[in-house]
Structure formats: structure tokens, C-alpha cells
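# Observations on the model geometry
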Number of protein chains: 2
Amino acid sequence: MDDGRATTTRGGENLLFLTDEQLRQGIEAMFFAYRGFTADPDRILSDMAYGRAHHRAIHFINRAPGTTVNNLLNILGVTKQSLNRVLRTLIEDGLVQSRVGTSDKRERHLFLTEDGRALEGRLSDAQRARMRTAFRDAGPEAVAGFRTVLEAMMDTEMHRTYQRLKESGA
Amino acid sequence: MDDGRATTTRGGENLLFLTDEQLRQGIEAMFFAYRGFTADPDRILSDMAYGRAHHRAIHFINRAPGTTVNNLLNILGVTKQSLNRVLRTLIEDGLVQSRVGTSDKRERHLFLTEDGRALEGRLSDAQRARMRTAFRDAGPEAVAGFRTVLEAMMDTEMHRTYQRLKESGA
DNA sequence: CAGTTTAAGTCAGCCTTGTTGACATTCCAA
DNA sequence: TTGGAATGTCAACAAGGCTGACTTAAACTG
């Protein structure tokens, strides 16, 4: 254990923003906020035979249409067996379409179908609504801080993945 | 779906901080950051017969020593059967002690043993180290924004629980 | 005091989602 | 043509959620 005190070079104000107590509060805030973050989509999904894993797959396929299975694997950080179980049900249920690659026919390119986009919309509308309210209540400066801290919290590899996705966005 | 545009009353700067693209980036940042957030304790726990659920129980028992089972249930938001499975192993392994209540003998008050505190220390050191680095790199203003947004993201009930814990801290 | 409610614990069974390991298929590239 | 890469599949398992049913003991209440 350390003494919980840390200094800032920023001239004295907020000298104690790195005490163990502050860090603990940050940890607990993360725990509770993540529950809120997933609560709305979870509620929608609990009515169907789907779970959070399906939501994640749908989100990132929508995000990067035509992505390969391997690419999705890296983004999600799970095994191919785990992802495959999820993808199989989504394909069977007609929410995702898997197309053999043109340049490399070993690869499968993944797309959402009409139905898939419809579900994606329902899920992300709910999640965005919460995020929007939180962002609006907190204000632009807080949002900037929020994202700065989150980015610093990622592993290097995740951070690269996140940046790549971010830059590929509008 | 909405048009993704939102106005801010703050005079024009950052007019677009509530576009769907910004919200999506916030959602993805949350996803990746939470993985980083849990990665270090997960690594430690994977060597033992414990998982994230044990970590959470240990964290909050350490946080509020003498808490009752029911109270812990409300904080963690799981069923008593789920929590009981975790608590039973922790008690059997001598990391947690359960004492019959004095005023109300139906209640059990939970405490970490010496060994329990030792494990708690290992786990939270790892998690705090990451949080500390992230906080230090981001700076005090970003940290304030981070916590403002996270609090706004919680459900009302969670937020109350979080506030109560926060105020009971040093 | 009798009856009800509450706190905790337990048993059984189910689901989702992660894991390993083994193995088949297809196809690119050296 | 052969090795390796990408994908898919099968089986088995574990963690950690869930529901439902039930017990015990203590506390509360009419």
C-alpha cells in the first residue's frame, strides 16, 4: 500500500485529486455507471433470446459494415468459438448476413440485414438516449474530460482499436 | 431515430458535442475503458478459483465493514442466491468473516479477515494503479468531468447508493 | 400469545457467455 | 505442392447471472 497522497504539478490547486479516496470513488463510479450504461439495452434484449454479446456484435457490425470475423474478434476480445455461437444465431435469425470475401475467399464479410439494422436502432437509441442525457447534463467540458480519462484507462492495443474506429467515423 | 444534432446553450462553442457520432464514440470509449478497468484484477483472480464477482464482494465488504448481506445485495444488484455462492466460498476460504448481528440476530455482519484484506489490497492496488495513471495523465479538470458524466449515467437508485458510499468515505 | 414478516441460507435447475482442445475445410502464397 | 492462415464446428467445462421452492430463526404486530 502507498500513502495515497500524490502531488500535481499544476500549481497547488486540487493538490489531493489523487488520494486513494479519490481513486476509490473513481473506481466505484465506474462500476455503477457501467451498470447504468448497459441497463437499457439489457432490458430490451431480455425479452428476446439474445444477450449483451449479441448487442456488441450487432453494434460493431453496424459500425464497420463488411468487417471480417477475425477483425470483429480483435475488437471484441473474445475467442472465435464464443463469437461464432453468437454470430450463428444472428445469421440463422436473419439479422446478420455473412458474405464470402471477394479478394480473399477465406474471409467472411459481415453485414446487418434490414431486421438487423432495426434491432440495432432500437438498442442504440436506448443507449444513446441515456448517454445524451448524461452528456447534456454534464456539459461539453465534462464530456471532454470524461473521454480523456476513459482513453487513458484503455490498454494500448484497445486504444489503437478505438482510435481507428473513431477516425473511420463521420 | 433522430437527426443527431443537438444544441447547447453555452454560446456556440462545441455546438456539436451531442451529435450521434459523438455519442457513439462515448459509448465505444465506455466499452473499451471498462475492459481496461477490470483487466488487472481479472488477471490476478484468474490464477485463483475466484472471479469478478468475488472481487466486487471483497471490495464492498472492505469498503463498508460490518455491512449486512441484504445491504451488500442492494449495492451489487444481484440475487441472494448469486451472492451467497460467492460469499460461501469466501467464508470457507477464510477471507470473509460472518458475525451474527447484536441488535438484530437475523442479520449477518460481514468483515474481511487478515487474508481477505491481503487479497483486497492486491486487487485494488492493481486497479488503483491504472486509475491513478489515467487520472494523472488526464489532469484534475478531466477527472472532474469524468466523474460528472459517470454520475449522470447512473440510475437514480444507483446514484443514491454511490453518494451514500462516497459520503461515508474519509 | 399467535400469526406474519423479514433476513439469511440452501437446493435444484436453467441460461448466457466466456474458456480450451481437437479437428475439418478452404484457399493463399512461397 | 505444401505450409500456414482464416474460418467453422464439436464437445466439454466454468463463472456467474437468473427463477422457484423451501427452511430456519428472529422480530414485529395485532
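Here, the structure is the one placed above.
The structure presented is a predicted model; accordingly, all values stated were derived computationally and were not measured. (Residues numbered from 1 in each chain as written. Chains lettered and ligands numbered in written order. Predicted model: local features only at pLDDT ≥ 70, side-chain atom pairs only at ≥ 80, totals over all residues. Heavy atoms only, no water.)

## Description of the overall build of chain A
Our working definition: Every helix listed is a DSSP run of H or I at least four residues long, and every strand listed is a run of E at least two residues long, numbered separately from the N terminus. This radius of gyration counts C-alpha atoms alone. The globule rule is 2.2 Å times how many residues there are, raised to the power 0.38. When checking whether two residues touch, look at their non-hydrogen atoms; a contact exists if any pair is within 4.5 Å. Per-residue and other accessible areas were derived by the Shrake-Rupley procedure at a 1.4 Å probe size, with only the shown protein chains allowed to occlude residues. In this charge count, Lys and Arg are treated as positive and Asp and Glu as negative; neither His nor the chain ends contribute. Charge coordinates come from a single atom per side chain, which is NZ of Lys, CZ of Arg, CG of Asp or CD of Glu.
The helix and strand inventory of chain A stands at seven helices and three strands. Compactness check: chain A gives a C-alpha radius of gyration of 20 Å against a globular reference of 15 Å for 170 residues, more than 25% above the reference. Overall size of chain A, expressed as C-alpha extent along the three principal axes, is 60 × 35 × 35 Å. In chain A, the share of contacts with a sequence separation of at least 24, taken over all contacts with a separation of at least 6, comes to 48%. Of the roughly 8,500 Å² of accessible surface on chain A, 48% is carried by carbon and sulfur atoms. Looking at chain A, you have 25 positive and 23 negative side-chain charges, and the mean spots of the two groups are 6 Å apart.

## Topic: the layout of surface pockets
For clarity, the threshold we go by: Of the grid points, spaced at 1 Å and generated over the protein atoms alone, those admitting a 1.4 Å probe that cannot get out make up cavities, while open sets with protein on both sides within 12 Å along at least five of seven lines make up pockets; any residue with an atom within 4 Å of a point is treated as lining. Grid points are joined across faces, edges and corners, and a volume is the space filled by probe spheres set on the points. Gly is placed with the polar residues, together with every amino acid not listed as nonpolar (Ala, Val, Leu, Ile, Met, Phe, Trp, Tyr, Cys and Pro) or charged (Asp, Glu, Lys and Arg).
Of the voids in this model, the largest pocket is the one considered here, and its volume is about 630 Å³. Considering the residues around the largest pocket, the lining is formed by 27 residues, among which Tyr34(A), Arg52(A), Tyr34(B), Thr38(B) and Arg52(B) are closest to the centre. Put simply, the parts of the chain that give the lining of the largest pocket at least two residues each are helix H1 (20-46) and helix H2 (52-63) of chain A together with helix H1 (20-46) and helix H2 (52-63) of chain B. Ranked by the residues each element gives to the lining of the largest pocket, the list is headed by H1(B), at seven residues. Residues of the lining of the largest pocket, tallied by class, amount to 12 nonpolar, four polar and 11 charged.

## What about the protein's contact with DNA strand C?
Going by this rule: Here a residue counts as near a molecule or strand whenever at least one of its heavy atoms sits within 4 Å of it. Any N or O atom pair separated by 3.5 Å or less is treated as a polar contact, with the protein-specific requirement of one donor-capable and one acceptor-capable atom, and with residues adjacent in sequence counted only for side-chain atom pairs.
Around DNA strand C sit 24 residues, and of these Arg52(A), Arg56(A), Arg85(A), Asn70(B) and Lys80(B) come closest. Sugar plus phosphate: this is where 59% of the atoms of DNA strand C within 4 Å of the protein reside. Contact between DNA strand C and Arg56(A): a phosphate oxygen at 2.5 Å from a side-chain N or O atom of the residue. Contact between DNA strand C and Arg108(B): a phosphate oxygen at 3.4 Å from a main-chain N or O atom of the residue. Split by residue class, the surface near DNA strand C holds four nonpolar, nine polar and 11 charged.

## Regarding the relation of the copies chain A and chain B
To go from the first copy of the chain to the second, apply a rotation about an axis and then a shift along the same axis. Applicable threshold: The superposition of copies rests on a least-squares fit of C-alpha positions from residues with pLDDT of 70 or more in both.
With an RMSD of 0.1 Å, the operation that places chain A on chain B is a rotation of 180 degrees combined with a shift of 0.0 Å along the axis. What the rotation and shift describe, once combined, is the action of a two-fold rotation axis. The C-alpha atom lying nearest the rotation axis in chain A is that of Phe146(A); the distance is 1.8 Å. Of the residues that chain A buries at the interface, 100% are likewise interface residues in chain B, meaning the two copies contact each other through the same surface.

## Some points on the protein's contact with DNA strand D
Taken together, 25 residues surround DNA strand D, and among them Asn70(A), Lys80(A), Gly51(B), Arg56(B) and Arg85(B) come closest. Take Lys80(A): an N or O atom from its side chain is 2.4 Å from a base oxygen of DNA strand D. One nitrogen or oxygen atom from the main chain of Ser103(B) is found 3.2 Å from a phosphate oxygen belonging to DNA strand D. The set of elements that each furnish at least two residues to the surface near DNA strand D consists of helix H3 (69-76) and helix H4 (80-92) of chain A together with H2 and helix H4 (80-92) of chain B. When the residues that make up the surface near DNA strand D are grouped by side-chain class, the tally is three nonpolar, 11 polar and 11 charged.

## Details of the interface of chain A and chain B
Where we set the bar: The quantity reported as buried area is the accessible area (1.4 Å probe) lost by two parts once they are put together, taken as the sum for both. Whenever Lys or Arg places a side-chain nitrogen within 4 Å of a carboxyl oxygen from Asp or Glu, that contact is recorded as a salt bridge.
With 65 residues of chain A in contact, the opposing surface of chain B contributes 65 residues. Counting the surface chain A buries against chain B, the share from its top three residues, Ile27(A), Phe32(A) and Met153(A), is 10%. Linking chain A to chain B there are eight salt bridges. The partner of Asp155(A) in a salt bridge is Arg130(B), and the shortest N-O contact between them spans 2.9 Å. In this structure, the connection of chain A to chain B is made through 22 residue pairs in polar contact (both at pLDDT 80 or more).

## Observations regarding the sheet that holds strand E2 (residues 96-100) of chain B
All names here are of chain B. Our working rule: A pair of strands is treated as paired once DSSP finds two or more bridges between them. Axis definition: a line fit to C-alpha positions, over the contact stretch in the case of helices; interaxial angles, taken between N-to-C directions, run 0 to 180 degrees.
Pairing in this open sheet of three strands is antiparallel, and the strands run E1-E3-E2 from one edge to the other. Each edge of the sheet is formed by a strand with only one pairing partner; in this case those strands are strand E1 (67-68) and E2. Summarising the sheet, E2 and strand E3 (residues 108-112) pair through five bridges and their orientation is antiparallel. Note that in E3 the partner of Val 96 across the bridge is Leu 112. Together, E2 and E3 form the strand contacts of H2, whose direction differs from that of E3 by roughly 100 degrees.

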